[in-house]
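# Working through the structure, step by step
Single-letter residue listing:
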Amino acid sequence: MTAQAMVRAGKTRRHIIRNAAATAAVAALWPRAVRAQAAPRVVIVGGGFAGASCARALREADGRIAITLVEARRIYTAPPLSNGVLGGLRDLGQQQFGYDKIAAAGVTMAFAAATAVDAQARNVTLSTGDKLPYDRLVLAPGIDLRWDALPGYSEAAAAKLPHAWTNDGAQIDLLRRQIAAMDDGGLVAIVAPVNPARCPPGPYERASMIAHYLKSKKPRSKVVILDAKDSFTMQQLFLNAWQQLYPNVLEWKSLSSGGNVAAIDVAKKTIETDFDNYQFAVANVIPAQKAGKIAMAAGVADRTGWCPVDPVTFESLQQKNIHVIGDAAIAGAMPKSAFAGAVEGKLCAAAIANLFAGATPAVPKLVSNCYSVVAPDYAISIAGVYHPVDGQYMEVAGSGGVSPLDARPAFRAEEAKFADAWFRTTTAEIFG
Amino acid sequence: MTTKATILTLALALLPARTQAAMLAPPGVAACTGCHPRSGGDPALPQLAGRNATEIVAAMNAFRSAKRPATVMDRIAKGFTDDEIAAIAAWYAAQR
């Protein structure tokens with residue numbers, strides 16, 4: 001560095017120090033309310049599609065807001081398309097994202113679990129013991145599994161019978177390794193949950209991907225879906241695809257055909273249903289769900305286990321200044337999808353920026369569009385456009401729907417391409 | 001850039017940042033960038049920012065009336081009114 005440059009650098013540094021001191025002095029003189037208005041604090045709990053998208057959009061909407069994103073894991077494993085890891089179409093690494101770019105954009109990362117919320121004092125307690133004060137809190141905790149929903153299944157049992165249904169990459173990897181290690185001729189049992197649940201087509205896409213893998217690698221093996229329901233989303237599209245691609249490999253047992261699980265024996269590797277007893281080689285048990293733990297602690301979940309919100313601002317109907325977005329929120333007819341979560345994050349950010357600015361948030365219109373990849377070059381989708389009607393999201397009449405039943409292979413291949421494109425674009429927007 | 005878009009851009013530039021945050025992005029836009037990249041894209045999934053507003057309106061109308069073949073945009077376009085489509089198109093046209 002030249003002498004001249006050193007002088008310049010020194011001068012700049014002195015300027016910054018002087019300015020910072022002046023700012024602090026002025027801030028100290030301001031009444032609390034004015035200070036809060038000048039630099040509002042938003043804490044966002046949960047760094048998935050909804051929470052991270054909200055952090056990114058809020059940063060872009062208003063540079064003055066102090067934003068902290070609280071997330072326990074340093075690496076996020078994205079659930080959409082993760083069934084492709086089981087099918088051998090994708091690597092787990094393609095599902096994983098860090099928070100460096102979000103931090104670089106000016107969001108403070110707090111890598112810890114949120115353990116408590118004081119809605120009156122407006123602060124969040126972290127597992128580190130730190131307390132983060134907020135003006136507005138956004139909870140995007142995703143789902144928590146109901147460990148008591150299936151007799152014989154538990155959090156401990158998940159180490160042997162993976163659910164692979166959260167953003168825990170180790171669970172997906174465990175399921176993948178179990179299927180790869182199983183002898184040809186074995187049975188993979190998938191226990192599908194009741195609604196409402198995260199990613200309604202997910203269990204059926206998963207069954208398809210596992211069948212795809214078995215068909216070429218272990219052709220004497222089978223997949224059975226033991227379902228707590230009598231119908232599911234995109235049902236006819238899935239059934240047609242299975243008949244075409246995986247006849248004699250994949251079987252769906254509905255509730256009324258005896259799919260309801262009565263008991264699971266982890267040691268004996270058996271699942272007892274209302275009518276039958278299944279001896280499995282690998283079991284993927286997806287239990288019933290509810291909003292993530294912190295939603296209960298914050299008092300924003302109702303008796304259903306999910307969180308009622310105002311559809312315009314996503315503010316909790318049970319606690320002021322706390323917003324709930326993503327899978328944890330009750331969003332009417334909208335499915336619990338990553339697509340919807342990412343959009344909810346943006347809308348919640350816009351609403352919060354408006355509320356801080358003293359403006360009225362606009363009534364939103366939302367889209368959810370979910371792809372299910374049933375084979376390479378073969379995807380199906382369900383789309384919906386939603387708007388608030390009488391305080392709840394309803395589908396806009398005449399819009400949305402599923403892929404046509406009679407589409408040509410080129411159409412299915414195009415949808416598979418769009419599934420990939422959506423994933424790349426949305427994860428780049430959020431994490432890139 | 002059209003004169004109308006230039007005027008809109010200038011008007012936006014003159015507004016304080018927080019008012020911009022309040023008025024930007026009409027209903028529906030939050031969902032577009034999930035699939036349509038902010039920059040780049042390809043003919044099947046084009047970037048929308050900076051595109052001519054008339055083109056966007058025409059495309060949405062063609063999707064809505066099933067005149068233009070689509071995998072999913074026909075299903076999505078049917079959820080939007082003329083006014084909403086016009087607002088979305090104007091907003092995207094004003095983006096650089």
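This is a predicted model, so every value here is computed, not measured.

For the rest of this paragraph, the subject is the overall build of chain A. Along its length, chain A carries 11 helices and 25 strands. Relative to its length of 432 residues, chain A is compact, with a C-alpha radius of gyration of 24 Å against a globular reference of 22 Å. Partitioning the contacts of chain A with sequence separation of at least 6, the portion at a separation of at least 24 is 69%.

If you look at the biggest cluster of nonpolar residues, it comprises 152 residues, and the most contacted ones within it are Ile44(A), Cys54(A), Leu58(A), Leu139(A), Cys307(A) and Val324(A). When neighbours within four sequence positions are excluded, Leu139(A) is seen to be in contact with Val45(A), Gly46(A), Ile294(A), Ala295(A), Ala298(A), Val300(A), Ile322(A), His323(A), Val324(A) and Ala328(A).

Positionally, Ala30(B) belongs in helix α3 (residues 29-32). Taking the C-alpha atoms as reference, Ala30(B) lies 13 Å from Glu84(B); in sequence the two are 54 residues apart. Each residue touching Ala30(B), except ones within four places of it in the same chain, is listed here: Val343(A), Lys346(A), Leu347(A) and Ala25(B).

Residues and elements named next belong to chain B. Inspection of the secondary structure puts Ile56 in helix α4 (residues 53-64). On the basis of neighbour counts, which here come to 20 C-beta atoms within 10 Å, the residue Ile56 falls in the buried class. Taking the C-alpha atoms as reference, Ile56 lies 8.7 Å from Ala93; in sequence the two are 37 residues apart. Aside from chain neighbours lying at most four places away, what touches Ile56 is Leu48, Arg51, Ala89 and Tyr92.

We now examine the interface of chain A and chain B. Residue-level contacts link 37 residues of chain A with 23 residues of chain B. Of all the secondary structure elements, the ones that give two or more residues to the side of chain A that touches chain B are α10 (338-356), β22 (366-375), β23 (378-389) and α11 (409-431) of chain A. A total of 9 residues in the side of chain A that touches chain B trace back to one element, the largest contributor, which is α11(A). Residue composition of the side of chain A that touches chain B, by class: 21 nonpolar, 10 polar and 6 charged.

Residue and element names in this part refer to chain A. Ordered in space as β14-β15-β16, the 3 strands form an open sheet in which the pairing is antiparallel. The open sheet is flanked by β14 (261-265) and β16 (277-279), the only strands paired with a single partner. For this sheet, the mean inter-axis angle between neighbouring strands, taken without regard to orientation, is 15 degrees. Bridge count for β14 against strand β15 (residues 270-273) is 4 bridges, and the pairing is antiparallel. Pairing of Ala263 across the sheet is with Glu272, part of β15.

Glancing now at the confidence of the model for chain A. Residue and element names in this part refer to chain A. For chain A, per-residue confidence averages 92 on the pLDDT scale, and 91% of positions sit at 70 or higher. Of all helices and strands in chain A, the one with the weakest mean pLDDT is helix α1 (residues 3-29) (41), whereas strand β9 (residues 136-139) scores best (99). Considering only residues more than four positions removed or in separate chains, one finds that residues 1-36, a stretch of pLDDT under 50, has 4 contacts.

A separate point is unusual backbone geometry. Residue and element names in this part refer to chain A. For the bond from Asn195 to Pro196, the omega torsion is -5 degrees, close enough to zero to count as cis. The topology assignment puts Pro196 in the loop between β11 (187-192) and α7 (202-217). Unlike most non-glycine residues, Lys269 shows phi in positive territory, near 55 degrees. Mapped onto the fold, Lys269 is located in the loop between β14 and β15. Positive phi, close to 70 degrees, is recorded for Asn321, a residue that is not glycine. Looking at where Asn321 falls in the secondary structure, it is placed in the loop between β19 (307-308) and β20 (322-324). For Asn321, a count of 14 C-beta atoms within 10 Å corresponds to the partly exposed category.

Now for the sheet that holds strand β7 (residues 123-126) of chain A. Where strands meet in a sheet, backbone hydrogen bonds hold them as pairs that are either parallel or antiparallel. Residue and element names in this part refer to chain A. Read from one edge of the open sheet, 3 strands run β6-β7-β8, paired in antiparallel fashion. Where the open sheet ends on each side, the last strands, each with one partner, are β6 (114-118) and β8 (131-133). Taken pair by pair, the neighbouring strands of this sheet meet at an average axis angle of 25 degrees, ignoring direction. The pairing of β6 with β7 spans 4 bridges and is antiparallel. Counterpart to Val117 in the pairing with β7 is Val124.

Rules behind the numbers
Residues numbered from 1 in each chain as written. Chains lettered and ligands numbered in written order. Predicted model: local features only at pLDDT ≥ 70, side-chain atom pairs only at ≥ 80, totals over all residues. Helix = DSSP H or I, 4+ residues; strand = E, 2+ residues; numbered from the N terminus. Rg over C-alpha atoms; globule rule 2.2 N^0.38 Å. Contact = placed C-beta atoms within 7 Å. Core = buried A, V, L, I, M, F, W, Y, C linked by C-beta atoms within 7 Å. Buried ≥ 20, exposed ≤ 12 C-beta atoms within 10 Å, placed from the backbone. Nonpolar A, V, L, I, M, F, W, Y, C, P; charged D, E, K, R; others polar. Pairing = 2+ DSSP bridges. Axes fitted to C-alpha atoms, helices over the stretch in contact; angles between N-to-C directions. pLDDT = per-residue confidence, 0-100.

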